[in-house]
Amino acid sequence: MRILIIEDNPDIVANLYGFLEPKGYILDSAANGYAGLALAAQNTYDVVVLDVMLPGLTGLDICQKLRGELKSNIPVLMLTARDTLQDKVAGFDSGADDYLVKPFSLVELDIRLKALLRRANGAVGGAAILRVGELSFNTGTYEAARAGIPLALTKTGYTILKRLMREAPNVVPRHMIEQAVWGDDRPDSDALRTHIHALRQALDKPFPFPMLRTVPGLGFKLVSTDEAA
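What counts and what doesn't
Residues numbered from 1 in each chain as written. Predicted model: local features only at pLDDT ≥ 70, side-chain atom pairs only at ≥ 80, totals over all residues. Heavy atoms only, no water. Helix = DSSP H or I, 4+ residues; strand = E, 2+ residues; numbered from the N terminus. Rg over C-alpha atoms; globule rule 2.2 N^0.38 Å. Buried < 20%, exposed > 50% of the residue type's maximum accessible area, 1.4 Å probe, protein only. Contact = heavy atoms within 4.5 Å. Areas by Shrake-Rupley, 256 points an atom, 1.4 Å probe, with all protein chains shown as cover. Lys, Arg positive; Asp, Glu negative; His and termini not counted. Charge placed at Lys NZ, Arg CZ, Asp CG, Glu CD. Pairing = 2+ DSSP bridges. Phe/Tyr/Trp six-rings, centres within 6.5 Å; stacked < 30°, edge-to-face > 60°. Lys NZ or Arg CZ within 6 Å of the ring centre and 35° of its normal. Axes fitted to C-alpha atoms, helices over the stretch in contact; angles between N-to-C directions.

Identification of the protein as Response regulator from Massilia genomosp. 1 is taken from an unreviewed UniProt entry.

This is the structure we're talking about:
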């Protein structure tokens, strides 16, 4: 799970890194609202852990911009020292998915992060079943099918497909797909083009219309109907 932490308390950030990184989480962090929003816009994350009181933009501002300007449905876990009903309502109204009051248990935080990811992916029995039109993908068994016909993909193909399905019908920028596949160690060559071609061969070639569309100058998207490219 790749997590963005937007929190200005260095002790809390250090505790999160110390607890979550050994569990295999990949973490990025920002200490103010503007930097946090920039990271959220530039990179791909599974969950955002967001403090309410931040320098620059507040957590409420960031959440509203994620849902509004960025059209992002990324799960947001909001952290705050405020525990009144009014504060919680404000957090949820801004677009937050969960709310954790400081001081909090790191174990509980971990449980909530996993629950948010399962919920966002429509998880059943611990595995996420993603669906876009006639396309389905079980991220637990790595079985993908279109119109009931199994698709044979490479590991990279499954990774690209998962990112596209999670964001559909939105356009996924090239750099976000590259980050999902290679992380920060992106290849110099245009390796993504080769993998997109292979994915198209499996996903679209045997079927009546292409689901994987290129959006020139932006990236790629999945469509569920035979719309114009």
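Novice: Any chance you could explain the overall build of the protein here in plain terms?
Specialist: On a plain count of helices and strands, the protein comes out with eight helices and 13 strands. Against the 2.2 N^0.38 benchmark of 17 Å for 229 residues, the protein shows a C-alpha radius of gyration of 19 Å, consistent with a compact globule. Judged by the C-alpha coordinates and their principal axes, the protein covers about 55 × 40 × 35 Å. Per-residue burial over the protein gives 44% buried out of 229 residues. Pairs at least 24 apart in sequence give 53% of the contacts found in the protein among residues at least 6 apart. Total accessible area on the protein stands at roughly 11,400 Å², and carbon and sulfur atoms take up 53% of it. One finds the centroid of the 25 positive side-chain charges in the protein at a distance of 6 Å from the centroid of its 27 negative side-chain charges.

Novice: Honestly, the pairing of strand S12 (residues 212-215) in this entry has me stumped. Any pointers?
Specialist: In summary, the side chains of a regular strand alternate between the two faces of the sheet. Relative to strand S13 (residues 219-222), S12 runs antiparallel, the two sharing four bridges. Among the inter-strand pairings, Arg-213 is bridged to a residue of S13, identified as Lys-221. Linking two consecutive strands that pair antiparallel, namely S12 and S13, is a turn of three residues; a positive phi of about 80 degrees is found at Gly-217 within it.

Novice: Whenever I open this one, the packing of aromatic side chains confuses me. Can you help?
Specialist: Aromatic rings in a pair are described by how distant their centres are and how their planes are angled relative to each other. Counted according to the given criterion, the structure contains four aromatic pairs. Taken together, a centroid distance of 5.6 Å and an interplanar angle of 20 degrees make the contact between Phe-137 and Tyr-158 stacked. Here Phe-137, found in strand S8 (residues 135-138), pairs with Tyr-158, found in helix H6 (residues 155-167); they are 21 residues apart in sequence, far enough to count as distant. When sorted by exposure, Phe-137 lands in the same class as Tyr-158, which is buried. Measuring from centroid to centroid gives 5.3 Å for Tyr-142 and Tyr-158, while their planes differ by 80 degrees, and the two rings are edge-to-face. Here Tyr-158 lies in helix H6 and Tyr-142 lies in the loop between S8 and strand S9 (143-146), a separation of 16 residues in the sequence. An aromatic cluster is present here, built from Phe-137, Tyr-142 and Tyr-158 joined pairwise through their rings. Its end group placed over the ring of Phe-209, Arg-146 keeps NZ or CZ at 4.8 Å from the ring centre.

Novice: Looking at this model, I keep getting lost on the sheet that holds strand S2 (residues 26-30). Mind explaining?
Specialist: Strand pairing in a sheet is mediated by backbone hydrogen bonds. Such pairs are either parallel or antiparallel. What the five strands build is an open sheet, ordered S2-S1-S3-S4-S5; its pairing is parallel. Strands at the two margins of the open sheet, each flanked by one partner only, are S2 and strand S5 (98-101). Geometrically, the sheet is characterised by an average inter-axis angle of 20 degrees between neighbouring strands, direction not taken into account. Pairing between strand S1 (residues 2-6) and strand S3 (residues 47-51): four bridges, direction parallel. Looking at S3, one finds that Ile-6 is bridged to Leu-50. Helix H3 (residues 59-67) rests against S1, S3 and strand S4 (76-80) of the sheet, and its axis sits at about 170 degrees to S4.

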